[in-house]
Amino acid sequence: VAIDLEPAVAGDVLPEARPHGGPNAVGWLGRAVFVAAVGAICLYYIFHFEPSHSDVLASGVIVGIGALSLNVLVGYSGQISLGHQAFIGIGAFTSAYVISQSQQSFYAGLAAAAVVGIAQAVVLGLVALRVRGLYFALVTLVWGFVGENSIFRLESFTGGGAGQDAPRPGGFTTDRAYLGLCVIVLGVILLIDWRLVATKAGRAMQALRESPQVAANYGVNVRAYTLLAFAVAGFYAGVAGALFGSRRLNVVSEDFTFAQIALPYLIVAIVGGLRRRGGIVVFALLFVLGGDWLPELAKSLGVTYIEQRAGLFIQALTGVLAVLTLIFQPDGLGTVTAPIGRWLKGGPFRLGGSGASGAEGIDVRP
Amino acid sequence: MLAFSIAQPLVLGVSNGAAIGLVAIGLVLIYKSSRVFNFVAGEFVTLGAFGTYVGDQILDLPYPLAIALGLLFGLVAGLLTERLVIRPLANRPRVTILVGTAALASLLIPVEIIIGGAKFFGARPIVGGLGFKVPVADVYMSWQQLIIVCTLAGAGLFLAWFFGRTDLGLAVLATSQEPTASRLVGIRLNRITLLTWGLAGLLGAVAGVLLAPVTSQFQAGYGTTTILIAAFTAAVVGGMTSVPGAFVGGLLVGLVQAFAQINISSKTLPGANSVATLVMLLAVLLARPTGLLGKEA
């Protein structure tokens, strides 16, 4: 019996539908070559240049984890945090304290940072249940400054001006090996992030983002899923903080300020593309590498003025990029990375997002 | 620390509170007209102080002209913010606009460092000297602090006149309450919004011009790190939509911060004024979300 494959209505075929059911062998080969080429470029970058480049990449990976933490709040659940210097800093200081004051291993420090990170985020989440919208944004802002001005200056906890030592774990003491550790942790975080979004929790958080009232009417436990979003964000941030501290080997309070952590991480999450974890990680790396490349580029061009102020130029440039992203391209870098991701999974290559646009979703209704 | 000092934080709190109140009024104006939390406000303050520094120390202008330059910086920053960030993002979710203003602040801070250098800029007071002894108490209040308090009072009178007696002020109020109806009666919404942003930039710059000399120096990002949070807290305490509320809130936050800062040693609790601000903000938001003088949350 011949099965009628014609659509009932002409033009009723979904745009994603492929009659042949996926790429052929050549298509898969092309995708494999692409992955291999990107991997080779990364490995070449790490092994060919002086070891400091691994350190820069590690820093980029850590920024990526921190920005993914913001993505959980801003992108998935429709909350916001303008106080991420407290999130990241608490992780860093907890890990450093456990390692150098309690004489525990790095891994114990990492676990402690994650637990304390979750705890402080959940407390903030409890506030978010009562105080909504822009007002909550304000609470997070003040929380960040309490961390910066008060918690990180408690001498017994942070070691005062000298800071707290945070040695790297055995086997990962070189920059290159430490980069490996950071990449492994990023992989785990991405896996968690993927499962978080692809399961019931992801759909519940999406419903919350659209409207807490409607979500509640459909039986979503608003309280539990709001707190879950904060717990996950706190977990990522705590881990990012622990890695941040041990990358520097010494944690000092000056590193955790609004202008150095909270603003840039938020901007990385937005320019990378909210709900586009690939875009966020790629942009985090570009953001940090840009700060590394620009002075060398300026040096080779003989522009010492820019060479000395490269970090500032990068910061200003990302500010401009963030404003432009918000206005013109709410999907951010995700506009580029999402199609590549779809293509790698066997889909056709087509530019453009795959549905709801990114930054549009950051409304938090009062 | 044995005695609980009262007079000293009182003077400091009132003068700082007046500056906080000025910035808070700017925030309230913006919130009333655009329903946005303006995170650039701190940099309006910095730009005011910075413009004065550029005029006074780099261009060697007479001091009044330098101050005028500072105010111009703030005004232009306010107008440009509206034109370049707020208007293109109009009708977008409010948090998107908030992030836009925060991104603008993070753009302005490095630009200030690129132009001025990563150092402390000096700021000299309008009237030098020790100041005068406050009657009854044994503390001095500098002339600069007195000027700040008087300026707040002046700004208050001006705004009361502006909103109460002028057609333009009435148009601003109408726009904030009923944008569509205001448009129907011929008010140009874009112009009104532009006006409020300019006014907010100006008020921020006034605060910056006056406050920087009290601490005698400032650096890039000065407004964002020192006064923005206090001003937001003041605006929320006052109810976010009430100009007199922002006044009262500013003074209240200034006093609470000054008492916490002077009476709690940094050994026991560093950054006591930040903690006091957080406690105050949470207390107001959780117990009385509409603020002291606000009509809506």
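Anyway, here's the lowdown on the structure attached to this text. Because the structure is a prediction, the values reported are computed rather than measured. (Residues numbered from 1 in each chain as written. Chains lettered and ligands numbered in written order. Predicted model: local features only at pLDDT ≥ 70, side-chain atom pairs only at ≥ 80, totals over all residues. Heavy atoms only, no water.)

## A word on the overall build of chain A
Then step 1. Counting its secondary structure elements, chain A contains 15 helices and two strands.
Then step 2. Residues counted as buried form 54% of the 366 residues belonging to chain A.
Then step 3. In chain A, of all internal contacts separated by at least 6 residues, the share reaching a separation of at least 24 is 76%. (Helix = DSSP H or I, 4+ residues; strand = E, 2+ residues; numbered from the N terminus. Buried < 20%, exposed > 50% of the residue type's maximum accessible area, 1.4 Å probe, protein only. Contact = heavy atoms within 4.5 Å.)

## Thoughts on the overall build of chain B
Then step 1. Each helix and strand counted, chain B has twelve helices and four strands in total.
Then step 2. In summary, chain B has a C-alpha radius of gyration of 19 Å against a globular reference of 19 Å for 297 residues, a match within 12%.
Then step 3. On the principal axes, the C-alpha backbone points of chain B span a range of 60 × 50 × 35 Å.
Then step 4. When burial is assessed residue by residue, chain B has 56% of its 297 residues classed as buried.
Then step 5. The contacts in chain B between residues at least 6 apart in sequence include a share of 73% that link residues at least 24 apart.
Then step 6. Carbon and sulfur atoms make up 67% of the accessible area of chain B, which totals about 12,300 Å².
Then step 7. When the 16 basic and 9 acidic side-chain charges of chain B are each reduced to a single mean position, those positions are 7 Å apart. (Rg over C-alpha atoms; globule rule 2.2 N^0.38 Å. Areas by Shrake-Rupley, 256 points an atom, 1.4 Å probe, with all protein chains shown as cover. Lys, Arg positive; Asp, Glu negative; His and termini not counted. Charge placed at Lys NZ, Arg CZ, Asp CG, Glu CD.)

## Structural notes on the interface of chain A and chain B
Then step 1. In this assembly, 43 residues from chain A lie in contact with 44 residues from chain B.
Then step 2. For chain A, the biggest contributors to the area lost against chain B are L134(A), Y135(A) and L138(A); these three give 19% of the whole.
Then step 3. Inspection of the region where chain A meets chain B yields zero salt bridges.
Then step 4. Remark: the boundary between chain A and chain B carries four residue pairs in polar contact (both at pLDDT 80 or more).
Then step 5. Those elements giving two or more residues to the side of chain A that touches chain B turn out to be α4 (106–130), α5 (133–149), α11 (258–272) and α14 (310–328) of chain A.
Then step 6. Here the side of chain A that touches chain B takes eleven residues from α5(A), the largest share from any one element. (Buried area = accessible area lost by both parts, 1.4 Å probe. Salt bridge = Lys/Arg side-chain N within 4 Å of Asp/Glu carboxyl O. Polar contact = N/O pair within 3.5 Å; in protein donor to acceptor, adjacent residues only side chain to side chain.)

## What about the environment of A287(B)?
Residues and elements named next belong to chain B.
Then step 1. Structurally, the position occupied by A287 is in helix α12 (residues 272–287).
Then step 2. Judged by relative accessible area, which is 68%, A287 ranks as exposed.
Then step 3. In sequence terms A287 and L255 are 32 residues apart; their C-alpha atoms lie 20 Å from each other.

## Examining the pattern of salt bridges
Then step 1. Enumeration over the complete set of coordinates arrives at seven salt bridges over all chains.
Then step 2. A salt bridge links R168(A) to D175(A); the nearest nitrogen and oxygen atoms lie 2.9 Å apart.
Then step 3. Put simply, R87(B) and E82(B) hold a salt bridge, and the shortest N to O gap is 3.1 Å.
Then step 4. For R87(B), a relative accessible area of 24% puts it in the partly exposed group.
Then step 5. Classification of E82(B) by relative accessible area gives buried; the value is 2%.
Then step 6. Connected through salt bridges with shared partners, the residues D55(A), R168(A), D175(A) and R247(A) form a single ionic network.

## Digging into the packing of aromatic side chains
Aromatic ring pairs are reported here in terms of the distance separating the ring centres and the angle at which the planes meet.
Then step 1. For the structure on display, the rule yields 25 aromatic pairs over all chains.
Then step 2. Ring centres of F34(A) and W343(A) lie 5.6 Å apart, and the angle between their planes is 85°; this geometry places the pair in the edge-to-face category. Taken as a pair, F34(A) in helix α1 (residues 25–48) and W343(A) in helix α15 (residues 334–344) lie far apart in primary sequence, 309 residues in all.
Then step 3. Relative to F37(B), the ring of Y135(A) has its centre 5.6 Å away and its plane inclined at 80°; by these criteria the two rings are edge-to-face. In this pair, Y135(A) sits in helix α5 while F37(B) sits in the loop between α1 (7–34) and α2 (41–58), so the two residues belong to two different chains. F37(B) carries the same exposure label as Y135(A), and that label is buried.
Then step 4. The rings of F93(A), Y97(A), F152(A), F157(A), F244(A) and F256(A) are connected pair by pair, giving a single aromatic cluster.
Then step 5. Stacked on the ring of W28(A), the Lys or Arg R31(A) has its end atom at 5.6 Å from the ring centre.
Then step 6. The aromatic ring of Y178(A) is capped on one face by R168(A), whose charged end is 4.5 Å from the ring centroid. (Phe/Tyr/Trp six-rings, centres within 6.5 Å; stacked < 30°, edge-to-face > 60°. Lys NZ or Arg CZ within 6 Å of the ring centre and 35° of its normal.)

## Let's talk about a nonpolar patch on the surface
Then step 1. Together, L297(A), L301(A), V303(A) and Y305(A) give the surface a local cluster of nonpolar side chains, amounting to about 390 Å² of exposed area.
Then step 2. Along the polypeptide, L301(A) turns up in helix α12 (residues 277–301). (Patch = residues over 30% accessible without salt bridge, like charges linked within 9 Å, V, L, I, M, F, W, Y side chains within 5 Å.)

## Some remarks on the packing of α11(A) against α14(A)
All names here are of chain A.
Then step 1. Between α11 and α14, the shortest axis-to-axis distance is 9 Å and the interhelical angle comes to 40°. With respect to α14, the axis of α11 lies oblique. Crossing angle aside, the handedness with which α11 passes α14 is left-handed. When α11 is examined against α14, the residues A259, I267, I270 and V271 are found in contact with a partner set consisting of Q315, T318, G319, L321, A322, T325 and L326.
Then step 2. Classifying every residue of the contact of α11 with α14 by side-chain character gives seven nonpolar, four polar and no charged. (Axes fitted to C-alpha atoms, helices over the stretch in contact; angles between N-to-C directions. Parallel < 35°, antiparallel > 145°, perpendicular 65-115°, else oblique. Left-handed = near helix turned anticlockwise from the far one by under 90°. Nonpolar A, V, L, I, M, F, W, Y, C, P; charged D, E, K, R; others polar.)

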